[in-house]
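Geometric and topological summary
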Amino acid sequence: MERAVEILREILEIPSPTGYTKEVLAHIERKLNEAGIRTYYTNKGALIAGNHPEPKLVVAGHVDTLGAMVKGILPDGHLSFTRVGGLLLPAFEGEYCTIVTRSGKKYRGTLLLKNPSVHVNREAGKKERKEENMYIRLDELVEKKEDTEKLGIKPGDFIAFDPKFEYVNGFVKAHFLDDKASVAVMIDLMLDLGAKALEKLQVAFFFSPYEEVGHGGSAGYPPTTEELLVVDMGVVGEGVAGKETAVSIAAKDSSGPYDYEMTTKLIEVAEERSIPHVVDVFPYYGSDGSAALRAGWDFRVALIGPGVHASHGMERTHVKGLLATKELMKAYIEGKFGV
């Protein structure tokens, strides 16, 4: 297994729905610190890593994932919920999850349609999968609301779904490859470069905790930043060019075009190095780069990422796509700083 895939497996196993990313960020922090790479947190909770005091280039990926939150306790003791981010409910029906209370207790459950048994509900297959028609079945002996309250579960507790990681024939299958696939590649690249090289390279790595709700990349960058290279999933599907075995270079998404010069340079580097890549336009997509530009940051922004199939559902990418993304990041950094 490639190191990038092993890193990906590790961080996928750590729950991190938007708003509850402290555990995965602490894991990344330890891993980088052990390699001699310095880190610090922004006031908002993003993790910034790098050894140069005045980075001109920031590479950004987001650690937060889709998830849910307890909305209320139902009369039978099970849970109503509200989505965190654009969770595709039909793709998560039947999935196991962990409820994390504010006191740190963890309980297991399953996302289900209300009255899910076909032996008593002939309309089960026709019912629209939306929040009011679904619930979290709690794996505890509860029969009424008071039973669940005694467990310490309350509205506002986070719900994290299992990633279901599998690695087969070079394919990585899991929930939340958006954007943990990119984060794993960023970590892998930093470990490749090493602490000494990162003292000379004017580059920092930004791990965002709020991308899935639209404001992760809106604040916290080093004041010396001139360019932001966002590493997020490349779209694979009808009407786009993305492939799981390549890195996507986004010319435009829903927020508008990315920086012309940066994007052109990324394309030129990919062509010169024969890195498997596609240039693409994403029709329904925004990134931390979009948030940064809307917030008024005065730097150039470009977007790349490994091709990910079935986004916001049962996602899949390929090790070739991960390595192509890593190679393009590395080549761009080396070219920018004359390494």
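From a predicted model like this one, the values you see are computed outputs, not experimental measurements.

Definitions and limits used
Residues numbered from 1 in each chain as written. Predicted model: local features only at pLDDT ≥ 70, side-chain atom pairs only at ≥ 80, totals over all residues. Heavy atoms only, no water. UniProt positions renumbered as here; feature names shortened; annotations may be inferred. 1 Å grid on protein atoms, 1.4 Å probe; cavity = no way out; pocket = protein on both sides within 12 Å on 5 of 7 lines; lining within 4 Å. Helix = DSSP H or I, 4+ residues; strand = E, 2+ residues; numbered from the N terminus. Contact = heavy atoms within 4.5 Å. Polar contact = N/O pair within 3.5 Å; in protein donor to acceptor, adjacent residues only side chain to side chain. Buried < 20%, exposed > 50% of the residue type's maximum accessible area, 1.4 Å probe, protein only. Phe/Tyr/Trp six-rings, centres within 6.5 Å; stacked < 30°, edge-to-face > 60°. Lys NZ or Arg CZ within 6 Å of the ring centre and 35° of its normal.

To continue, consider the UniProt feature "binding site: Zn(2+) 1" (unreviewed entry) in the chain. UniProt records the feature "binding site: Zn(2+) 1" (unreviewed entry) at H62, D178 and D232, using the numbering of this structure. These annotated residues cover 171 residues of sequence, but their C-alpha atoms sit close together, with the largest distance between any two at 8.3 Å. Cross-referencing the annotated residues with the largest pocket identifies D178 and D232 as lining it. Mapped onto the elements, H62 comes out in strand β3 (residues 57–62). If near-sequence neighbours (up to four positions away) are discounted, H62 is found in contact with D178, D179, K180, V183, S208, E211, E212, D232 and D288. A polar contact is formed between the side chain of H62 and the side chain of D178, at a distance of 3.1 Å. In this structure, D178 sits in helix α5 (residues 177–200). On the basis of relative accessible area, D178 is assigned to the buried category, the value being 7%.

Further remarks concern the packing of aromatic side chains. One pass over the full model with this rule turns up eight aromatic pairs. By way of ring pairs, the aromatic residues F206, Y221, W297 and F299 are connected into one cluster. Residue placement shows R316 over the ring face of F171; its charged tip is 3.8 Å from the ring centre. Over the aromatic face of F337 sits the side chain of K336, whose NZ or CZ is 5.8 Å from the ring centroid.

Comment: phi is negative for the bulk of residues other than glycine, and the bulk of peptide bonds are trans. Here the amide bond leading from D178 into D179 is cis, since omega sits at 10°, within 30 degrees of zero. Phi at K164 is positive, roughly 60°, even though this residue is not glycine. Looking at where K164 falls in the secondary structure, it is placed in the loop between β9 (158–161) and β10 (166–168). According to the relative accessible area criterion, K164 is partly exposed, its value standing at 45%. Its identity is not glycine, yet N169 carries a phi of approximately 55°, on the positive side.

Counting through the fold element by element, S287 comes out in the loop between β17 (277–281) and α7 (288–294). The class of S287 is buried, set by a relative accessible area of 4%. Taking the C-alpha atoms as reference points, S287 and P209, separated by 78 residues in sequence, lie 12 Å from one another. When residues no more than four places from it in sequence are discounted, the contact partners of S287 are E211, V230, D232, D253, Y258 and L303. Within polar-contact distance, the side chain of S287 engages the backbone nitrogen of G289 at 3.0 Å.

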